[in-house]
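Structure assessment
Each chain, written out:
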Amino acid sequence: IVTLEEGFDAGDLIVRLDAIKPAGTDVLVYFKIVSGKDIENFNNKKWKLMTKVRDNVSADQSKRVPLEYRYSLTKGTIEYKEGDKTYPIGGTFKTFQIKICLLSSDPATVPKVKNLRVIAVPEG
C-alpha cells in the first residue's frame, strides 16, 4: 500500500514494466485507490482492472517488451461508479495499491516481469 505525501493527491495511475511475454501468456494489472475523504476501509475496496496501452508480445522466451497500463485510454483520470457512489471521492486519491497477475495457457511457458514503475500523476 502506497500513501502519497500531504498535498500530492493524484488523479491517475500509470504502470510501466518490461516483460517477457510469449504468445499464449498475459500480464494483467489491477489497482485499488482511496481518497483522503473516503471513510471506507482500504481492504474492503474492490480491485479494478487497468487497460493495456499496447499489447506487445515477445518474439521468444528471452525478448523483453515494454508494457504500459492505464485505467482509461481516453480520459486522463480514474473515475468509476460502484452503486450510487463515484470513486475516488472528491476526484483524487491519496492511497493506492497494485496487483500484477501473470497468466499462461501452458505451465511450461510463463511471463516474467522486470523494471516495474508505478507513477501516480495529477488528473488530466
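In this report, we go over the structure that sits alongside the text. None of these values were measured; they are calculated from a predicted model. (Residues numbered from 1 in each chain as written. Predicted model: local features only at pLDDT ≥ 70, side-chain atom pairs only at ≥ 80, totals over all residues. Heavy atoms only, no water.)

Further remarks concern the pairing of strand β6 (residues 65–70). Where strand β2 (residues 12–20) and β6 come together, 6 bridges link them in antiparallel fashion. Of the residues in β6, the one forming a bridge with A19 is V65. Relative to β6, strand β5 (residues 51–52) runs antiparallel, the two being bridged by 2 bridges. Note on β6: the bridge partner recorded for K52 is Y69. (Pairing = 2+ DSSP bridges. Helix = DSSP H or I, 4+ residues; strand = E, 2+ residues; numbered from the N terminus.)

For the rest of this paragraph, the subject is the pattern of salt bridges. The tally for this structure, following the rule as stated, stands at 11 salt bridges. The residue K45 makes a salt bridge to D38 at a minimum N-O spacing of 2.5 Å. K45 gets classed as buried once you look at its relative accessible area, which sits at 6%. Between R70 and E68 there is a salt bridge, with the nearest N and O atoms lying 2.9 Å from each other. Given a relative accessible area of 23%, R70 falls into the partly exposed group. Salt bridges sharing partners connect three or more residues here, namely K21, D26, K52 and D55. (Salt bridge = Lys/Arg side-chain N within 4 Å of Asp/Glu carboxyl O. Buried < 20%, exposed > 50% of the residue type's maximum accessible area, 1.4 Å probe, protein only.)

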